[in-house]
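So the chains spell out like this:
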Amino acid sequence: MRRLRFNGTGSGGGGCPGVHEDLDTGEVVVHGTPVSDPADLAQLQHFDDGEVAVVVPRNTLVDFGPRDETPRLINADDEFNRLFETFKHTAWRLETRRRYASDETTEEWAQFAAGQHIEWDYDDAWCRNVRRQTEGGKRFERVRLVDRPATPGQSYLRSNAVRNCAVGEDIRNLSRADAQRLRLPDEDFWLFDSRLVARLLFDKDDGLRGAELITEPAAVNRYCQVRDAAWHYAVPYEEFKLDE
């Protein structure tokens, strides 16, 4: 069975024509109104028995057809961090990994690993920026995938969500099984203002090493679709039960 991703449709009502892409082969599946007039079919070249011709508006292929996208690499520090200060409306994150190495270098992680109450800093640079942005009407939102049972890193982030939401974020959880059922990509990314994606890059030791900056509209649209599906099915972190 193919693993198909819906790229988009030229129909405002969500019907045909539409474009899907095979996630494994890169092949494209197009559906639309069939060509049935014998005079039209006679004009088609290399049209064999068993094949079906469909009509698709040019803009549908331009907007939603796959293309060679070469994202720009940005570093994990200065340029990436500026995105959280310069976005206009929304910063939305999908977190899919079972472990983030950067968490394990902190004093808070040491407290968590020792079974102690975590003394969170509510006035570090991240918290100050979230307060400043959300007080201006902007939104910080995340969906975090959780395994059954939850990994230590995911349990740690459950406690982290208490702090981050207290300063203005909206964090929700989604089980990995549900994410796989929805065919969400196994990618970590930030989506800014529904127009710019920073797809996070990690090394073999789960350390963040940079990000790919994606601005091509059709590609960004696919990440918007992922956001809409994940946000619809995710639940607020305080209502999500961890099976540890």
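Fair warning: this is a prediction, and the values are worked out from it, not measured in the lab. (Residues numbered from 1 in each chain as written. Predicted model: local features only at pLDDT ≥ 70, side-chain atom pairs only at ≥ 80, totals over all residues. Heavy atoms only, no water.)

Asker: What should I look at first to understand empty space enclosed by the protein in this one?
Answerer: A probe matching the size of a water molecule, rolled over the atoms, marks out where space remains unfilled. Considering all chains together, one arrives at one cavity of 30 Å³ or more under this definition. As a volume, the largest cavity reaches approximately 90 Å³. Put simply, the parts of the chain that give the lining of the largest cavity at least two residues each are strand S8 (139–146) and helix H6 (152–166). Taken together, the residues of the lining of the largest cavity sort by class into five nonpolar, two polar and four charged. (1 Å grid on protein atoms, 1.4 Å probe; cavity = no way out; pocket = protein on both sides within 12 Å on 5 of 7 lines; lining within 4 Å. Points joined across faces, edges and corners; volume = space filled by probe spheres on them. Helix = DSSP H or I, 4+ residues; strand = E, 2+ residues; numbered from the N terminus. Nonpolar A, V, L, I, M, F, W, Y, C, P; charged D, E, K, R; others polar.)

Asker: Which parts of the structure should I look at to understand the sheet that holds strand S3 (residues 28–31)?
Answerer: Sheets are built from strands paired through backbone hydrogen bonds, the pairs being either parallel or antiparallel. If you trace the three strands from one edge of the open sheet to the other, you get S1-S2-S3, paired in antiparallel fashion. Edge positions in the open sheet fall to strand S1 (4–9) and S3, since each of these has one partner strand only. Mean inter-strand twist for the sheet, computed between neighbouring axes without regard to direction, equals 25°. Across the sheet, helix H8 (residues 217–233) is in contact with S1 and strand S2 (18–22); its angle to S1 comes to roughly 110°. (Pairing = 2+ DSSP bridges. Axes fitted to C-alpha atoms, helices over the stretch in contact; angles between N-to-C directions. Contact = heavy atoms within 4.5 Å.)

Asker: I'm lost on H6 in this one. Help?
Answerer: Spacing of three or four residues puts side chains on the same side of an α-helix, whose turn is 3.6 residues. The terminal C-alpha atoms of H6, which comprises 15 residues, lie 22 Å apart, in line with the 21 Å expected from a rise of 1.5 Å per residue. Residue Asn160 marks the point of greatest curvature in H6, where the axis turns by about 30°. All of the buried residues along H6 are Gly153, Gln154, Ser155, Tyr156, Leu157, Asn160, Ala161, Arg163 and Asn164. Check the buried side of H6 and you find it contacts strand S7 (90–95), helix H4 (107–113), helix H5 (125–135), S8, strand S9 (170–175) and helix H7 (176–181). Of the residues flanking the end of H6, it is Gly168, one or two places downstream, whose phi is positive at about 135°. (Expected span 1.5 Å × (residues − 1). Bend = angle between axes of the 7 residues up to and from the residue. Buried < 20%, exposed > 50% of the residue type's maximum accessible area, 1.4 Å probe, protein only.)

Asker: Explanation requested: the pattern of salt bridges in the structure shown.
Answerer: Side-chain pairing between opposite charges can occur once the charged atoms of the two side chains come close. Applying the stated criterion across every chain yields a total of 23 salt bridges. A salt bridge links Asp123 to Arg131; its shortest N-O distance comes to 3.8 Å. Here Asp123 falls in the partly exposed class, since its relative accessible area comes to 46%. Looking at Arg131, the relative accessible area reads 28%, which means it is partly exposed. Here Asp228 and Arg227 are joined by a salt bridge, their closest N and O atoms 3.1 Å apart. The exposure class assigned to Arg227 is buried, which follows from its relative accessible area of 17%. Among the charged side chains, a salt-bridge network with shared partners connects Arg93, Glu95, Arg142, Arg144, Glu169 and Asp188. (Salt bridge = Lys/Arg side-chain N within 4 Å of Asp/Glu carboxyl O.)

Shape descriptors only; they carry no functional weight alone.
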